Amino acid sequence: MPNTLQEQLERVEREILLYLEFDEVEKARFDRESYLWTAEDRIEWQEIQIGNAEQLRRLLREREALRRNLSP
């Protein structure tokens, strides 16, 4: 567990980057493969995307709060 606000901010920023990279890869996969998917596959993909977007929004809010706390 990060000890300082700066360490927490760095952790959150790493997680944000991971989510953004994953989103980019998943959208490329969707473009390549989705025509082969069943309706259930598409629904599952959309649910995962929704969950990831919610998590990313949470991380962005957390990052902003940490930045405010670090600002003098």
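Cut-offs applied
- Residues numbered from 1 in each chain as written.
- Predicted model: local features only at pLDDT ≥ 70, side-chain atom pairs only at ≥ 80, totals over all residues.
- Heavy atoms only, no water.
- Helix = DSSP H or I, 4+ residues; strand = E, 2+ residues; numbered from the N terminus.
- Rg over C-alpha atoms; globule rule 2.2 N^0.38 Å.
- Buried < 20%, exposed > 50% of the residue type's maximum accessible area, 1.4 Å probe, protein only.
- Contact = heavy atoms within 4.5 Å.
- Areas by Shrake-Rupley, 256 points an atom, 1.4 Å probe, with all protein chains shown as cover.
- Core = buried A, V, L, I, M, F, W, Y, C linked by side-chain atoms within 4.5 Å.
- Salt bridge = Lys/Arg side-chain N within 4 Å of Asp/Glu carboxyl O.
- Phe/Tyr/Trp six-rings, centres within 6.5 Å; stacked < 30°, edge-to-face > 60°.

Participant: Mind laying out the overall build of the chain, listing which residues take part and the relevant values?
Facilitator: From N to C terminus, the chain includes two helices and zero strands. By the compact-globule yardstick of 11 Å for 72 residues, the chain is too spread out, its C-alpha radius of gyration being 16 Å. Overall, the C-alpha framework of the chain stretches about 55 × 20 × 15 Å when taken along its three principal axes. By residue count, 19% of the 72 residues in the chain fall in the buried class. Long-range contacts, defined as pairs at least 24 residues apart, comprise 67% of the intrachain contacts of the chain with a sequence gap of at least 6. Only carbon and sulfur atoms are counted for the fraction: they give 54% of the accessible area of the chain, which is about 5600 Å².

Participant: With reference to specific residues and values, describe the nonpolar core.
Facilitator: Counting residues in each nonpolar core, the largest one holds six residues, listed as Leu9, Val12, Ile16, Leu56, Leu59 and Leu66. Those elements giving two or more residues to this core turn out to be helix H1 (5–33) and helix H2 (39–70).

Participant: Can you explain the side chain of Gln49? Please cite residues and give values.
Facilitator: Tracing the backbone through its elements, the reader meets Gln49 in helix H2. Look at Gln49 and you get buried, because its relative accessible area is 13%.

Participant: Requested: an account of the pattern of salt bridges, with residues and values cited.
Facilitator: Under the defined criterion, the tally for this structure stands at 10 salt bridges. Among the ionic pairs, Glu15 bridges to Arg11, the shortest N-O distance being 2.6 Å. Residue Glu15 and its partner Arg11 are both found in helix H1; the two are separated by four residues, about one turn of the helix. We note a salt bridge from Glu13 to Arg67, for which the minimum N-O separation is 3.1 Å. Of this pair, Glu13 sits in helix H1 while Arg67 sits in helix H2, and the two are 54 residues apart along the sequence. Here Glu13 falls in the partly exposed class, since its relative accessible area comes to 27%. Taking the relative accessible area as the measure of exposure, Arg67 reaches 34% and is therefore partly exposed.

Participant: Tell me what's going on with the packing of aromatic side chains, and back it up with residues and numbers.
Facilitator: For the structure on display, the rule yields three aromatic pairs. Taking 4.4 Å as the distance between ring centres and 25 degrees as the angle between the ring planes, the aromatic pair formed by Phe30 and Trp45 counts as stacked. On the criterion of sequence distance, the pair formed by Phe30 in helix H1 and Trp45 in helix H2 is long-range, its members being 15 residues apart. According to the relative accessible area criterion, Phe30 is partly exposed, its value standing at 23%. By relative accessible area, Trp45 is classed as buried at 12%.

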